[in-house]
Amino acid sequence: MSRWKDMNKDELERQFSPSQWSPRMSADDVIKSHVTALKEGTERARGLAQTLLNVPYGEGEGEKLDVYVPTTTSLDVPLVIYLHGGYWQFLSKEESGFMAVPLVHKGVVVVAVGYDIAPKGNMDVMVSQVRRSVVSVIQQYSHISGLYLCGHSAGAHLAAMILSTDWSQYSVTPQIKGAFLVSGIYDLLPILSTYVNEPLKMTEEVALRNSPSQLVPQLKLSSSDCDIVVAVAQNDSPEFRKQSEDYYKALESTEGLKVTLEDVPNTDHFNIIEQLVDGDYHLTQLLLKMMGKS
Ligand SMILES: N[C@@H](CC(=O)c1ccccc1NC=O)C(=O)O
């Protein structure tokens, strides 16, 4: 039983317009404030942490990542790769280092990955890019104590696609210890007929092959030892909440996976991730705990 199939275009577009569901501000203001928060947080992180900016992970102009490095003498150094959101058509790595301050402070390396958003990139390209970014990171940072993923919104979709990769076509098989999937979309079919798909131009076939909900058996094969947190905002739209609940249920019914659903109170689609600038925020604490760094 899926509700989205019974919705008209207006209702479907409202469900997939996260900015219309924030109880804090108007739709325009919540997006402006989101971009400002991410930019300011990233500037702060670049000022406080040692950085390696624009490290290539492929040949393409957009295939670059930023590394935020802790000053630590510890041998136990986990690394978290952050995949930004923005409906595969907004944002970039330039405002995606915001969560680095509390993590770097605890001795964690943070990598913010850039990828070619639409219309330059399409869904297949973006998925291929983020997969290759992971391979490049483990080749360059072979001494880390564990590899973790964190993605927000469209970035949570890309993180789930990384977990669902058949690595036999790649030069290495990454062992991902944990993944934080925050307010993500895991079934792309409902957005096909909405404004979200205008720059993406996905066909049904493209949407199906890039839907993590269709790839749960592959995830089980590739990421069976991974701790997965599916986090969703209390004030995400009902359809966004359903995306997380359904994906969580699909993973949970798969034997052997460690999956938890975090329904984060008093958050909306935007501040659920913005608050990762704060070391005391529930999800920051949970991420640190997952990495053994709390
Ligand atoms: N039309 C979308 C726009 C959106 O999701 C968005 C826009 C700018 C930057 C980030 C966004 N979304 C998630 O990160 C909305 O209604 O929120």
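Since the structure is predicted, the reported quantities are computational estimates derived from the model, not experimental observations.

> What am I meant to see in the UniProt feature "domain: BD-FAE-like" (unreviewed entry) in the protein here?
If you check UniProt for "domain: BD-FAE-like" (unreviewed entry), the listed places come out as residues 65–163 in our numbering. Taken end to end, residues 65–163 has its terminal C-alpha atoms 19 Å apart, with 34% of it in helix and 23% in strand.

> Where do I start with the packing of helix 4 (residues 123–140) against helix 5 (residues 154–163) in this structure?
A packed helix pair is summarised by two numbers, namely the angle formed by the two axes and the spacing between the axes. Following both chains from N to C, one finds helix 4 and helix 5 inclined at 65°, their axes separated by 9 Å at the closest point. Of the two possible hands of crossing, helix 4 and helix 5 adopt the one that is right-handed. Contact residues: Met123, Met126, Val127, Val130, Arg131 and Val134 in helix 4; His157, Leu158, Met161 and Ile162 in helix 5. Residues that form the contact of helix 4 with helix 5 fall into these classes: 8 nonpolar, 1 polar and 1 charged.

> When you look at helix 2 (residues 27–48) in this model, what are you seeing that I'm missing?
Note that an α-helix has 3.6 residues per turn; residues three or four places apart therefore point the same way. For helix 2, with 22 residues, the first-to-last C-alpha span of 32 Å sits near the 32 Å given by 1.5 Å per residue. All of the buried residues along helix 2 are Val30, His34, Leu38, Gly41, Thr42 and Ala45. Along the axis of helix 2, the buried positions cluster into a sector of 100°, meaning they face one direction only. Every exposed residue of helix 2 that faces more than 90 degrees away from the buried side is listed here: Asp28, Lys32, Glu40, Glu43 and Gly47.

> Quick question: what am I supposed to make of the site of the ligand here?
Around the ligand there are 14 residues in total, and Ser17, Pro18, Ser19, Gly86 and Tyr195 lie nearest to it. Between the ligand and the protein, one listed contact pairs an oxygen atom with a backbone N or O atom of Gly86 at 3.2 Å. Contact with the protein chains covers 92% of the free accessible surface of the ligand, which is 400 Å².

> When you look at the pairing of strand 5 (residues 146–152) in this model, what are you seeing that I'm missing?
Side-chain positions along a regular strand alternate between the two faces of the sheet. For strand 5, the buried fraction is high: 7 of the 7 residues fall into the buried class. Side-chain alternation along strand 5 places Gly146, Tyr148, Cys150 and His152 on one buried face and Leu147, Leu149 and Gly151 on a second face that is also buried. Where strand 3 (residues 78–83) meets strand 5, 6 bridges bridge the pair, whose relative direction is parallel. Along strand 5, the bridge assignment pairs Leu79 with Leu147. In this structure, strand 5 lies alongside strand 6 (residues 176–182), joined through 6 bridges in parallel fashion.

> Would you explain the nonpolar core in this entry?
If you look at the biggest cluster of nonpolar residues, it comprises 63 residues, and the most contacted ones within it are Ile81, Trp88 and Leu181. Those residues within four positions of Trp88 in sequence are excluded, and the remaining contacts are Ile117, Ala118, Met123, Met126, Ala154, His157, Leu158, Ile185, Leu188, Ile191, Val196 and Leu200. Counting 33 residues, the second largest nonpolar core, distinct from the first, contains Phe98, Val264, Ile272 and Leu288.

> I tried to follow the sheet that holds strand 2 (residues 64–69) on my own but got confused; where do I start?
The strands that make up a sheet are held in pairs by hydrogen bonds between backbone atoms, and each pair lies either parallel or antiparallel. Pairing in this open sheet of 8 strands is mixed, and the strands run 1-2-4-3-5-6-7-8 from one edge to the other. Edge strands, defined here as strands with exactly one partner in the open sheet, are strand 1 (50–56) and strand 8 (258–264). Shown here is a sheet whose adjacent strand axes are inclined to one another by a mean of 15°, direction ignored. Both strand 3 and strand 4 (residues 109–113) contribute to a ladder of 5 bridges, which runs parallel. In the strand pairing of strand 4, Leu83 is matched with Val113. Sitting on the sheet, helix 2 is in contact with strand 1, strand 2 and strand 5, with an inclination near 60° to strand 2. Seen against the sheet, helix 9 (residues 238–252) touches strand 6, strand 7 (227–233) and strand 8 and runs at an angle of roughly 160° to strand 7.

> So what exactly am I meant to see when it comes to the pattern of salt bridges here?
Two side chains of opposite charge can pair, provided their charged atoms sit close to one another. The final tally for this structure, using the stated rule, is 17 salt bridges. Across the salt bridge formed by Asp66 and Lys93, the nearest N and O atoms sit 2.9 Å from each other. In this pair, Asp66 is assigned in strand 2 and Lys93 in the loop between strand 3 and helix 3 (100–105), connecting sequence segments 27 residues apart. Here Glu205 and Arg209 are joined by a salt bridge, their closest N and O atoms 3.8 Å apart. With Glu205 and Arg209 both in helix 7 (residues 204–209) and 4 residues apart, this pair spans about one turn of that helix. With a relative accessible area of 41%, Arg209 lands in the partly exposed category.

Basis of the calculations
- Residues numbered from 1 in each chain as written.
- Predicted model: local features only at pLDDT ≥ 70, side-chain atom pairs only at ≥ 80, totals over all residues.
- Heavy atoms only, no water.
- UniProt positions renumbered as here; feature names shortened; annotations may be inferred.
- Helix = DSSP H or I, 4+ residues; strand = E, 2+ residues; numbered from the N terminus.
- Axes fitted to C-alpha atoms, helices over the stretch in contact; angles between N-to-C directions.
- Left-handed = near helix turned anticlockwise from the far one by under 90°.
- Contact = heavy atoms within 4.5 Å.
- Nonpolar A, V, L, I, M, F, W, Y, C, P; charged D, E, K, R; others polar.
- Expected span 1.5 Å × (residues − 1).
- Buried < 20%, exposed > 50% of the residue type's maximum accessible area, 1.4 Å probe, protein only.
- Arc of directions from axis to C-beta.
- Near = heavy atom within 4 Å.
- Polar contact = N/O pair within 3.5 Å; in protein donor to acceptor, adjacent residues only side chain to side chain.
- Areas by Shrake-Rupley, 256 points an atom, 1.4 Å probe, with all protein chains shown as cover.
- Pairing = 2+ DSSP bridges.
- Core = buried A, V, L, I, M, F, W, Y, C linked by side-chain atoms within 4.5 Å.
- Salt bridge = Lys/Arg side-chain N within 4 Å of Asp/Glu carboxyl O.

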